[in-house]
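The lines below spell out each chain.
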Amino acid sequence: MIAPDVSTAIATLRELIEMSRAVVPFTGAGISTECGIPDFRSPGGIWTRMRPIDFSDFVASQEARDESWRRRFAMQEQFGAAKPGRGHQALASLYRARKSPGLITQNIDNLHQASGIAAEDVVELHGNTTYATCLDCAVRYELSWVKERYDATGRAPDCPACGGHIKTATVSFGQAMPEDAMRRAEELTLAADLFVAIGSSLVVWPAAGFPLMAKRNGARLVIINREPTEFDDAADLVVRHDIGSVLEPFIAMVRTNA
Ligand SMILES: [Zn+2]
């Protein structure tokens, strides 16, 4: 069913949530756009104007690392100012009410953790851009530490402990998917009796695999996205309205029930 309007979408989603015991959200860029985080892959998005730096280039070239960090610091104003939106708050409410064991996200903005979901219950398929790690020894570095060195030399610093390259904790184009995150995402998907894909076009691998995995495992499937997706025919409910407006009532709903 495609929800004809926002109020039908909210009413139907409420019924589905009430009859479920394990709601597993799967989120993409669309949930964060109201927070000022741009959708990099959308038309006019950054990747349509600027070629992303491939992981192999990052590893091979100091210039690529310098450019990669220059771009990251240029986006800090947006990332640094972003606060969880209505969608994040609604999902955090479901989590606090123990309706949702955790969620899977394609986003790298840390906003689910900022909304109150424990870091270990947020499965990040594409990593996290709000901190950095050494590619060799995995030691964590804060962005402020990297920026200080970058500003002083104009170059991306290497790890003082082991000499490895330091990169935001994201999964770059050409970089292997994190096995642990993939395994936990599969576990969550198979634990779901209601799988809710939110703000993802569901075209980027491996995002596309999870809704169908949930559906085949017997879960109900809801897709909330501005544009149609390939999986709309398989969904029990399709919502093509503004994510924040659709999810906002669930902030209050769970608070009063909890
Ligand atoms: Zn290191």
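To be clear, the structure that these remarks concern was listed above.
Residues numbered from 1 in each chain as written. Predicted model: local features only at pLDDT ≥ 70, side-chain atom pairs only at ≥ 80, totals over all residues. Heavy atoms only, no water.

1. Section: the nonpolar core
Okay, so step 1: Core analysis: the largest hydrophobic core is formed by 28 residues, its most contacted members being L13, I198, V222, I224 and L247.
Okay, so step 2: Counting only elements with at least two residues in this core, the list comes to α1 (6-18), α6 (86-96), β7 (194-198), β8 (220-224), β9 (237-239) and α11 (243-257).
Okay, so step 3: Judged by nonpolar contacts, the second largest core, of 25 residues, contains V171, A181, A197 and F210. (Core = buried A, V, L, I, M, F, W, Y, C linked by side-chain atoms within 4.5 Å. Buried < 20%, exposed > 50% of the residue type's maximum accessible area, 1.4 Å probe, protein only. Helix = DSSP H or I, 4+ residues; strand = E, 2+ residues; numbered from the N terminus.)

2. Some points on the packing of helix α4 (residues 62-74) against helix α8 (residues 143-153)
Okay, so step 1: Where α4 contacts α8, the two axes come as close as 11 Å, and the packing angle between them is 120 degrees. In this view, α4 runs oblique relative to α8, as classed from their interaxial angle. The interaxial crossing formed by α4 with α8 has left-handed handedness. Every residue of α8 that contacts α4 at D66, W69, R70, R72 and F73 is listed here: L143, V146, K147 and Y150.
Okay, so step 2: Split by residue class, the contact of α4 with α8 holds five nonpolar, no polar and four charged. (Axes fitted to C-alpha atoms, helices over the stretch in contact; angles between N-to-C directions. Parallel < 35°, antiparallel > 145°, perpendicular 65-115°, else oblique. Left-handed = near helix turned anticlockwise from the far one by under 90°. Contact = heavy atoms within 4.5 Å. Nonpolar A, V, L, I, M, F, W, Y, C, P; charged D, E, K, R; others polar.)

3. So, the coordination of the zinc ion
Okay, so step 1: Within the first shell, the zinc ion binds the protein through C134 (SG), C137 (SG), C159 (SG) and C162 (SG), at distances of 2.3 to 2.4 Å.
Okay, so step 2: Viewed at the metal, the four donor atoms of the zinc ion are separated by angles of 98 to 117 degrees, and the geometry they form is tetrahedral.
Okay, so step 3: Taken in sequence order, the residues that donate to the zinc ion follow the motif C-x2-C-x21-C-x2-C.
Okay, so step 4: Judged by relative accessible area, C159 falls into the buried class, the value being 4%. (Donors = N, O, S within 2.8 Å, 3.2 Å for Na, K, Ca; no water. Tetrahedral: all angles 85-135°; square planar, octahedral: opposite > 155°, others 65-115°.)

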